[in-house]
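Summary of structural features
Listed below, chain by chain, are the residues.
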Amino acid sequence: MGDVPDEPQAYAAGPVAALRRIAFLLERAREDTYKVKAYRGAAAVILPLPDDEVARMVEDGTLTDLPGVGTSSGRVIAEAVRGETPRRLAELEAAYAGPLVADEHGAHDLHAALRGDCHSHSDWSDGGSPIEEMAITAMELGRDYLVLTDHSPRLKVARGLSAERLARQLDVIDAVNDHLGGAFTLLKGIEVDILDDGSLDQTTEMLDRLDVRVASVHSKLRMDRDAMTRRMVAATRDRHVNVLGHCTGRLVTGGRGTRPPSQFDARAVFESCAEHDVAVEINSRPERRDPPTELLELARDVGCVFSIDSDAHAPGQLDFLWYGAERAAAAGIEPDRIVNTWPKEHLLRWAAK
Ligand SMILES: [Zn+2]
Ligand SMILES: [Zn+2]
């Protein structure tokens, strides 16, 4: 942990940038979402206001009259408006910025080789932030692309997208890309549910319109071993599927409690992935760490390719790729077997099968 200087340092990026950066640092450090929401909410409130109006409110001490601006966020705004690095921001930079994992087994080099992320969610399904906030944060992290993979219709608890809503989302993605100007691309994707019989929870027409498709099991995780194996193998044979998401469904820690891995013939599933050019996801979320190490090594030995995914539900979680990189490096998986080290054009050709 670094030191925070006593004297305020000059700060020119303005209050919205300060609030967004604080929220980002809290999210990547896995702090409570309600704390983060206060900063993101305040950023959204002042974003449309003219600079001189915000400055006047700082002067008058009336910032906290704005709905969504509280004592902490108000202090951050006031300090940034005065051109000082907000104290809270300086503290968080000192405590939380920098690599999230130790540099062992080449983890930092592997992380640096990752060009994009194939699994992320927006507030169109169960994510907490708008599409453009996810895209801009991925861009700020130096990524070349981010695949937006909101949930499919049957996952109602996560507000899964119907074919109609997904079609509307594709128009929004086009508009976001028009604004971002080409250096970064938001790619069209889905995290599609693998139904009980191994079929996919979205229309063929919509699946055909997407760039990258992650397929995951979210229901009947306790299905018996043979049925689960048939279900997963059938999904990997579907020509639309590019990435097999969090294959065991286990939860090892966190607010949702723990959950044991699903039971299936992992060798059969991974052999089918290798045969049909489906990447096995290394899900970077700390509460998932999926697949477990034993299965990760099995998939490596079977000859699979991998996708190191954040499965981010908030912008700061896009930085979770550190954790996946750490696990892939420890398992000795070569960077060229990880699809998100490939240039975007290569990835798109591969995903188009
Ligand atoms: Zn999932
Ligand atoms: Zn997901």
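Residues numbered from 1 in each chain as written. Chains lettered and ligands numbered in written order. Predicted model: local features only at pLDDT ≥ 70, side-chain atom pairs only at ≥ 80, totals over all residues.

**Looking at the overall build of the protein chain**
Filter applied, for reference: To qualify as a helix, a DSSP run of H or I must reach at least 4 residues; to qualify as a strand, a run of E must reach at least 2; elements of each kind are numbered from the N terminus. Our radius of gyration looks at C-alpha atoms and nothing else; its globule reference is 2.2 Å times the residue count to the power 0.38. Buried residues are those with 20 or more other C-beta atoms within 10 Å of their own C-beta, exposed residues have 12 or fewer, and partly exposed residues lie in between; C-beta atoms are placed from the backbone.
Secondary structure assignment for the protein chain yields 14 helices and seven strands. Relative to the 2.2 N^0.38 estimate, which gives 20 Å for 353 residues, the radius of gyration of the protein chain is 21 Å and therefore close to what a compact globule would have. Each of the three principal axes of the protein chain carries a C-alpha extent, and together these read 70 × 45 × 40 Å. Going through the 353 residues of the protein chain one by one, you find that 47% of them count as buried.

**Considerations on the packing of helix α1 (residues 15–28) against helix α5 (residues 87–96)**
Operational definition: Every angle, taken between N-to-C directions, lies between 0 and 180 degrees, and every axis is a line fitted to C-alpha atoms, over only the stretch in contact when it is a helix. A clockwise turn of the near helix away from the far one marks a right-handed crossing, whereas an anticlockwise turn of less than a right angle marks a left-handed crossing. Note on contacts: residues are paired as contacts if their backbone-placed C-beta atoms lie within 7 Å. As a working rule, the residues Ala, Val, Leu, Ile, Met, Phe, Trp, Tyr, Cys and Pro are called nonpolar, Asp, Glu, Lys and Arg charged, and the rest polar, with Gly in that last group.
Where α1 contacts α5, the two axes come as close as 10 Å, and the packing angle between them is 35°. Where α1 crosses over α5, the handedness of that crossing is left-handed. Touching Ala18, Arg21, Ile22, Leu25, Leu26 and Arg28 of α1 are Arg88, Leu89, Leu92, Glu93 and Tyr96, all from α5. Across the contact of α1 with α5, the residue classes tally to seven nonpolar, no polar and four charged.

**Quick look at the sheet that holds strand β3 (residues 185–193)**
The criterion, for reference: Paired strands, as defined in this entry, are two strands with at least two bridges between them according to DSSP.
Spatial ordering of the open sheet is given by β1-β2-β3-β4-β5-β6-β7, a layout of seven strands whose pairing is parallel. The two strands at the open ends of the sheet, each matched to only one other strand, are β1 (116–117) and β7 (306–309). Bridge count for strand β5 (residues 243–244) against strand β6 (residues 279–283) is two bridges, and the pairing is parallel. Its bridge partner lying in β6, Val243 is registered against Ala279.

**So, the UniProt feature "domain: Polymerase/histidinol phosphatase N-terminal" (unreviewed entry) in the protein chain**
To be explicit about the condition: UniProt positions are given in the numbering used here, feature names are shortened, and annotations may be inferred rather than shown by experiment.
Feature annotation in UniProt places "domain: Polymerase/histidinol phosphatase N-terminal" (unreviewed entry) on residues 116–196, given in this structure's numbering. Strand forms 19% of residues 116–196 and helix 35%; the C-alpha atoms that close the span are 31 Å apart.

**Comments concerning the nonpolar core**
The condition that has to hold: By convention the nonpolar core is taken to be a set of buried residues drawn from Ala, Val, Leu, Ile, Met, Phe, Trp, Tyr and Cys and joined through C-beta atoms within 7 Å.
Ranked by internal contacts, the top residues of the largest apolar core, which has 67 residues, are Leu146, Val280, Phe306 and Ala328. Excluding anything up to four places from it in sequence, Leu146 contacts Gly116, Asp117, Ser120, Met134, Ala135, Ala138, Leu186 and Leu187. By size, the runner-up hydrophobic cluster in this structure holds 23 residues, among which are Ala23, Val69, Ala80 and Val81.

**Focus on the domain arrangement of the protein chain**
Short version of the rule: Residue ranges for the domains trace back to a domain assignment, done automatically or taken from a database.
By domain assignment, the protein chain separates into domain 1 (15–96) and domain 2 (107–352). Its C-alpha centre places domain 1 at a distance of 32 Å from the equivalent point of domain 2. At the interface, eight residues of domain 1 touch eight residues of domain 2. Sort the elements by how many residues they give to the side of domain 1 that touches domain 2 and α1 lands first, with six residues. Among the residues making up the side of domain 1 that touches domain 2, the classes are represented as four nonpolar, one polar and three charged.

**Quick notes on the pairing of β7**
What counts is decided by this rule: When the strands point away from the viewer and the path from the first strand over the helix to the second turns clockwise, the crossover is right-handed.
On β7, burial covers both faces: Phe306 and Ile308 on one face and Ser307 and Asp309 on the other are all buried. As paired elements, β6 and β7 share four bridges and run parallel to each other. Bridge pairing in β7 links Val280 to Phe306. One crossover worth recording links β6 to the parallel β7 by way of helix α12 (residues 293–302), and it is right-handed.

**Focus: the packing of helix α7 (residues 131–140) against helix α8 (residues 163–180)**
The cut-off we apply is this: Just so you know how the angles are binned, under 35 degrees is roughly parallel, over 145 roughly antiparallel, 65 to 115 roughly perpendicular, and the rest oblique.
Between α7 and α8, the shortest axis-to-axis distance is 11 Å and the interhelical angle comes to 40°. In terms of orientation, α7 and α8 fall into the oblique class. Crossing geometry of α7 relative to α8 is assigned as right-handed. Where α7 approaches α8, its residues Ile131, Glu132, Ala135 and Met139 are matched on the opposing element by Val172, Val176 and Leu180. A breakdown of the residues in the contact of α7 with α8 according to their chemical character gives six nonpolar, no polar and one charged.

**Focus: the environment of Arg82**
Residue placement: Arg82 occurs in the loop between α4 (71–81) and α5. A C-alpha to C-alpha distance of 47 Å links Arg82 and Ser162, two positions 80 residues apart in sequence.

**Overview of helix α2 (residues 33–46)**
Defined as follows: Helices are assigned an expected span. That span is 1.5 Å times one less than the residue count.
Along its 14 residues, α2 runs 20 Å from first to last C-alpha, staying within 8% of the 20 Å computed at 1.5 Å per residue. Among all positions of α2, only Val36, Ala38, Tyr39, Arg40, Ala42, Ala43 and Ile46 are buried.

**A short note on the pairing of strand β4 (residues 212–216)**
Counting buried residues along β4, five of its five residues qualify, which places the element largely inside the surrounding structure. Across the two faces of β4 the burial is the same, with Val212, Val214 and Ser216 and Arg213 and Ala215 all buried. Here β3 pairs with β4 via five bridges, running parallel. Along β4, the bridge assignment pairs Val192 with Ala215. Bridge analysis of β4 against β5 gives two bridges, and the strand direction is parallel. In the sheet register, Ala215 faces β5, and the bridge partner there is Leu244. With respect to chirality, the unit in which β4 leads through helix α10 (residues 225–237) into the neighbouring parallel β5 is right-handed.

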